[in-house]
Every structure is written in C-alpha cells, then in structure tokens.
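# Coordinates in review
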Amino acid sequence: MRMGEWKIGKTSKTNIDGIVKIRVRILPSGLIQVDGAYTNELVEVEEKAEGDAAPKTVTKKVRVELSCTPSDILGHSAETVLECRKIEDEMIANDNKILFQKEIKNTLEAYIFENRRHMEAGGRYCDFTPEADRKKFVDETIALETWIYEDGAEAPVEEYQTRLAALKMIADPAAARHKLHDDAPYALKQFIARIDAVKANVSAKIAEAPEHITIEEFQGATKLCKDAIKEAEAAVASLLASRKDVDSKFKLTDFDAKLTEVTFGCNRVCNKPKPKPAPVEETAEVPATDDSEPPVVPQQKAEDDLD
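Residues numbered from 1 in each chain as written. Predicted model: local features only at pLDDT ≥ 70, side-chain atom pairs only at ≥ 80, totals over all residues. Heavy atoms only, no water.

## Some remarks on the overall build of the protein
What the protein contains, in helices and strands, is five helices and five strands. Listing the helices and strands of the protein from first to last along the sequence gives β-β-β-β-β-α-α-α-α-α. Expressed as a percentage of its 307 residues, the buried residues of the protein come to 24%. Considering only residue pairs separated by 6 or more positions, the protein has 64% of its internal contacts joining residues 24 or more positions apart. Looking at the protein as shown, the accessible area adds up to about 23300 Å², and 54% of this sits on carbon and sulfur atoms. (Helix = DSSP H or I, 4+ residues; strand = E, 2+ residues; numbered from the N terminus. Buried < 20%, exposed > 50% of the residue type's maximum accessible area, 1.4 Å probe, protein only. Contact = heavy atoms within 4.5 Å. Areas by Shrake-Rupley, 256 points an atom, 1.4 Å probe, with all protein chains shown as cover.)

So this is what it looks like as structure tokens:
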C-alpha cells in the first residue's frame, strides 16, 4: 500500500553510518503518520582506562535529526474528500436520529408508567382531573403500551412527540393542581411567620416612642400585617374548599408579592426620617446704655439774627 512520498533532508555531517531511520506514528484513528527521520554520526572519543594504562579511542554514535517533508499531496482528491464528508454527515445524522428515537421512546414509556398509576381510580391525581379526561388518559396509555412495541416500533420521532404532548396536556395540569393543594397549607404557615416578623419590627419601633411618627401611622402598619394574614388564610381556605379538578386563580407566588408589599409599607413607617429642625433667626445685638448718664443730645446752634 502506497502511503505517499517524503523527501529526507541532508546533513552537513560527513562521518555518518549511512543508515536513515524513519519514525512512524499510528494515530488513534488508525491512520499512519510519518513523524520524522534521523541518522547517526560516528564520533571517536577517548576513554580513560583503569590504572596506568593509556586511554583508548572508542567510536560512538550521535543521533542527527533529518528533515522529513512530503514531496506530493497526500491523501485523496478534493472531490473524493467532499463526497466522503457528505456520506459521513449522512451517517452521523442517521445515527443521531436513531438515538433520539430511542430516547423519545423511553421518555414516552416512562411517562406512561409514572403517571397512569396516579390517574387511575384512587390514584394521586384522580380527584384533580375531570373524569372524562382521566378515563381518556388511562385508555390511551394502555393502547400506547402495545403500539410502542408493534406499530410504533418504526414510527417517526414526530409521532412520538405528538402522542407524548397529548398525554401531558392531561396529566401535567393535574399534577400542578395536586402540588398546589399539597403545598398551600405549608406555604401559608411560612407566610404568616414572615408577616409576624414584620409586625414584631413595628411593635419594637412603637416601644421606642419616636416623636416624629404618629400612633395612627403605627396602627396603619399593624393593620396592614393583620389584613395580609386574613387575606392569605381566606385564599387558602377557598382553594381547599373549591373543586380540585379545576384550575385555581390562586398561586403560591401571591404570598411573595404580598409579603413584599407589606414589608415595604411597614418599613416606610418605621424608617420615617425625622424632620429637620427649623432654622433659628439671628437678631442683631444692641449695646447696653448707662442710665446714670443720660445721652448727650447735640444742641442745634441758634441762628444769628440777621439785621
């Protein structure tokens, strides 16, 4: 098999052994790469002998690297390389399609096994799904189990995605409703504890009795906390008493928004800055006078009679 042609460079050394060795490397891909070339220079050196014997001359080899460059274009033509790349891209795309098809198939199968037991009668999501949708989900998942290994074995990825999306339209909202009902009581306790902390901060500020904050302002801040708790308790009570298979307008994020609102309103009262003192008017000082000596009033000189 012809790999190609390389040009081995010459050396300026004259006393060489005349043997040129080529270093060849096998890459992980299996291709062979010419890594370099070298020869040996013969050098005579004197080595000391033991005792009083005269030194002896020994010939040693010193490696001399040689340049190694290809003398022609290696590999296939540009047209052949382009064609091979096209084939390679098609093979990669086909492999990715097969892998993605297996992945979406496993995803659909796992979704069926995970959610059908919750959607069946007595399951976790049973009360949180309209009865017609619940029966449709159960019947569809039973049929899909057979379809996956029979007619759906060679089905395109798009069909798997469509069938999975149809199941999610029923099960995902039911799971969200169940989670909301399950998390709401605990979230309410956390909300009340945080509001109580804000109210405690207001009470501590009242104890300081700042003169620039009126009692009406403190009462308004306290009422803001109490009203927020009542509103939250009423919202959770309404949620738990309403139909479970219908989406609720109440969201757990409402607690965060209300807490921010109450905190801002109370801090505006507790952190109210003191008013700046009124400026003091400066009055000019009048020098004191001695009452014992009445002030001398200059007398106007009488005008001479004009005769």
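## What to know about the sheet that holds strand β2 (residues 21-26)
Strand order in the open sheet made by the three strands is β2-β3-β4, with antiparallel pairing throughout. In this open sheet, the two edge strands, each paired with only one partner strand, are β2 and β4 (56-66). Along the sheet, successive strands turn relative to each other by an average axial angle of 30°, direction set aside. Across six bridges, the pairing between β2 and strand β3 (residues 32-47) is antiparallel. Its bridge partner being in β3, Arg-23 is matched across the sheet by Gly-36. (Pairing = 2+ DSSP bridges. Axes fitted to C-alpha atoms, helices over the stretch in contact; angles between N-to-C directions.)

## So, the packing of helix α4 (residues 215-241) against helix α5 (residues 253-270)
For the pair α4 and α5, the least separation of the axes is 9 Å and the interaxial angle reads 170°. It follows from the interaxial angle that α4 and α5 lie roughly antiparallel. Together, Glu-217, Phe-218, Ala-221, Leu-224, Cys-225, Ala-228, Glu-231, Ala-232 and Val-236 of α4 and Phe-255, Lys-258, Val-262, Gly-265, Cys-266 and Val-269 of α5 make up the contact between the two elements. Grouping the constituent residues of the contact of α4 with α5 by class yields 11 nonpolar, one polar and three charged. (Parallel < 35°, antiparallel > 145°, perpendicular 65-115°, else oblique. Nonpolar A, V, L, I, M, F, W, Y, C, P; charged D, E, K, R; others polar.)

## Focus on unusual backbone geometry
One non-glycine residue, Ala-209, adopts positive backbone phi at about 50°. Following the sequence through the fold, Ala-209 ends up in the loop between α3 (157-207) and α4.

## Re α3
In α3, a bend of some 40° at Ala-184 exceeds every other bend along the element, and Pro-185, a proline, comes one to four places later. A positive backbone phi angle near 50° is found at Ala-209, which sits one or two residues after α3. (Bend = angle between axes of the 7 residues up to and from the residue.)

## Some remarks on a nonpolar patch on the surface
A cluster of nonpolar side chains, Val-20, Ile-22, Val-24, Ile-26 and Ile-32, forms an exposed patch at the surface whose accessible area comes to about 450 Å². With three residues, β2 is the single largest residue contributor to the nonpolar patch. Relative to the helices and strands, Ile-32 is located in strand β3. (Patch = residues over 30% accessible without salt bridge, like charges linked within 9 Å, V, L, I, M, F, W, Y side chains within 5 Å. Salt bridge = Lys/Arg side-chain N within 4 Å of Asp/Glu carboxyl O.)

## Remarks on the pairing of β3
A loop of five residues connects β2 with β3, the two strands running antiparallel in sequence, and Gly-30 in this loop sits at a positive phi of about 100°. The pairing of β3 with β4 spans 11 bridges and is classified as antiparallel. Paired with Thr-39 across the strands is Val-64, a residue of β4.

## With respect to the packing of aromatic side chains
A complete count under the given rule lists three aromatic pairs for this structure. Where Phe-191 meets Phe-255, the ring centres are 4.9 Å apart and the plane angle is 20°; that geometry is what we call stacked. On the criterion of sequence distance, the pair formed by Phe-191 in helix α3 and Phe-255 in helix α5 is long-range, its members being 64 residues apart. The burial state of Phe-191 is the same as that of Phe-255; both residues are buried. Here the aromatic residues Phe-191, Phe-250 and Phe-255 are joined through ring pairs into a cluster of three or more. Here Arg-63 stacks its cationic end above the ring of Tyr-38, 3.9 Å away from the centre of that ring. When the ring centre of Trp-147 is taken as origin, the NZ or CZ atom of Arg-163, which lies over that ring, is 4.1 Å away. (Phe/Tyr/Trp six-rings, centres within 6.5 Å; stacked < 30°, edge-to-face > 60°. Lys NZ or Arg CZ within 6 Å of the ring centre and 35° of its normal.)

## Overview of a negative patch on the surface
A surface patch of like charges, here negative, comprises Glu-83, Glu-88, Asp-89 and Glu-90. Relative to the assigned elements, Glu-83 resides in helix α1 (residues 78-119). (Lys, Arg positive; Asp, Glu negative; His and termini not counted. Charge placed at Lys NZ, Arg CZ, Asp CG, Glu CD.)

## Some thoughts on the environment of Ala-193
Checked against the element boundaries, Ala-193 lands in helix α3. When its relative accessible area of 45% is taken as the criterion, Ala-193 is described as partly exposed. Linking Ala-193 and Ile-229, residues 36 residues apart in sequence, is a C-alpha distance of 9.7 Å.

## So, the nonpolar core
Counting residues in each nonpolar core, the largest one holds 24 residues, and the members touching the most others are Phe-191, Ile-195, Phe-250, Phe-255, Val-262 and Cys-266. Of all elements in the fold, only α3, α4 and α5 reach the threshold of two or more residues within this core. Once residues lying within four places of it in the same chain are set aside, the contact partners of Phe-191 are Ala-228, Ile-229, Ala-232, Phe-255, Lys-258 and Leu-259. Within the second largest apolar cluster, 19 residues are counted, among which are Leu-108, Phe-137, Ala-155 and Leu-167. (Core = buried A, V, L, I, M, F, W, Y, C linked by side-chain atoms within 4.5 Å.)

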